[in-house]
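# Tertiary structure, described
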Amino acid sequence: MARLSIIGAGNMGQAISAVAARGDNTVELFGKSDTDKPVSGDIVVLAVPYPAVEQVLAQRAGQLDNKIIVDITNPLNFETFDSLTVPADSSAAAEIAAKLPGSRVLKAFNTTFAGTLADGNVGPLTTTVLIAGDDADAKTTLAGVITAAGLKAIDVGSLKRAREMEALGFLQINLAANERVSWTGGFGIVN
């Protein structure tokens, strides 16, 4: 069993917490008022909007070393919903990894909505969580948390695949924001 610390108690933080708990993992949620509470999980999920990541990393300096860090962010322009805010040759996950050289950074959960995580389904399909990262053991550990909850996990490759995942997440958010798909819908994978 894994121990997860989820920073961000919003919809996605709650949904990821429920997924982890279904697999009998230990979960602690960190809200905005928990800045003095130390992170104890082996897996730390950054379930905050991308603009808040910098502050979280500064507040948690040193607490994230030697941990699996899961970036769920989609670095989009929240004013226009019209573009990603990281350079075209990078990703939010790559920027986080550069700031946390002592951690094993993964990208996951950004291509699913909270509702499909909580329900475990996208329409008639089982919810699938895509995982990118450069550490095979870290990806296997996170995939175990996901599959223990009855969801599917797919290793999409190295951390450089986070850019495509963020583009896919951005497209899905844009479609929902423009009422072309529902916030309880999303993309499904059949294999």
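Summary of the structure given here. Note on numbering: residues in each chain are counted from 1, in written sequence order. The predicted nature of this model means local features are confined to residues of pLDDT at least 70 and side-chain atom pairs, given and counted, to a pLDDT of 80 or more, with totals for whole chains, interfaces and linings taken over all residues. Each side-chain value is derived from all of the structure's non-hydrogen atoms; neither hydrogens nor water enter the calculation.

### Observations regarding the overall build of the protein chain
Where we set the bar: We count a stretch as a helix when DSSP gives it H or I for four or more residues in a row; a strand needs E for two or more, and each element gets its number in order from the N terminus. The globule rule used for comparison is 2.2 Å times the number of residues to the exponent 0.38, while the radius of gyration itself is calculated over C-alpha atoms. Burial classes: relative accessible area under 20% of the type maximum marks a residue as buried, over 50% as exposed, and values in between as partly exposed (1.4 Å probe, protein chains only). Any pair of residues with heavy atoms lying within 4.5 Å of one another is described as a contacting pair. Under the convention used here, a 1.4 Å probe and the Shrake-Rupley method define accessible areas, while residue burial counts only the protein chains that appear. Asp and Glu are treated as the negative residues and Lys and Arg as the positive ones, with His and the ends of the chain left uncounted. By convention, the charge on Lys lies at NZ, on Arg at CZ, on Asp at CG and on Glu at CD.
In terms of regular secondary structure, the protein chain is built from six helices and nine strands. Relative to the 2.2 N^0.38 estimate, which gives 16 Å for 191 residues, the radius of gyration of the protein chain is 15 Å and therefore close to what a compact globule would have. With the C-alpha coordinates of the protein chain rotated into their principal frame, the extents come out at 40 × 35 × 30 Å. When the 191 residues of the protein chain are sorted by exposure, 47% land in the buried category. For the protein chain, the share of sequence-separated contacts (at least 6 apart) that also reach a separation of at least 24 residues comes to 69%. In the structure as shown, the protein chain presents an accessible area of about 8,900 Å², 52% of it carried by carbon and sulfur atoms. Distance from the positive charge centre (15 side chains) to the negative charge centre (20 side chains) of the protein chain: 2 Å.

### Some thoughts on the pairing of strand 1 (residues 3-7)
Where we set the bar: One bridge is not enough; two strands pair if DSSP finds at least two bridges between them. A clockwise path from the first strand over the helix to the second, with the strands pointing away from the viewer, defines a right-handed crossover.
With four of five residues buried, strand 1 is to be regarded as a mostly interior element. Two strands pair when backbone bridges link them, and strand 1 and strand 2 (residues 26-30) are joined in this way by five bridges, in the parallel orientation. Within the sheet, the bridge partner assigned to Ser5 lies in strand 2 and is Glu28. In the classification by handedness, the crossover that spans strand 1, the intervening helix 1 (residues 11-22) and the parallel strand 2 is right-handed. In terms of strand pairing, strand 1 meets strand 3 (residues 43-46) through four bridges, oriented parallel. Residue pairing for strand 3: Ser5 is matched across the bridge by Val44.

### What about the packing of aromatic side chains?
Put simply, the test is: Only rings of Phe, Tyr and Trp enter the pairing, Trp through its six-membered ring, and a pair is recorded when the two centres are within 6.5 Å. The plane angle decides the type: under 30 degrees is stacked, over 60 is edge-to-face, the rest tilted.
A full pass over the atoms with the stated rule returns two aromatic pairs. Geometrically, the ring pair formed by Phe78 and Phe81 is edge-to-face, given 6.1 Å between the ring centres and 90 degrees between the ring planes. A residue is classified by how much of its surface remains accessible, and Phe81, at 27% relative accessible area, is partly exposed. Here Phe113 and Trp183 contribute two aromatic rings whose centre-to-centre distance is 5.0 Å and whose plane-to-plane angle is 50 degrees, an arrangement assigned as tilted. Highlighted residues: Phe113 in the loop between strand 5 (104-108) and helix 4 (114-119) and Trp183 in the segment after helix 6 (162-177), separated in sequence by 70 residues.

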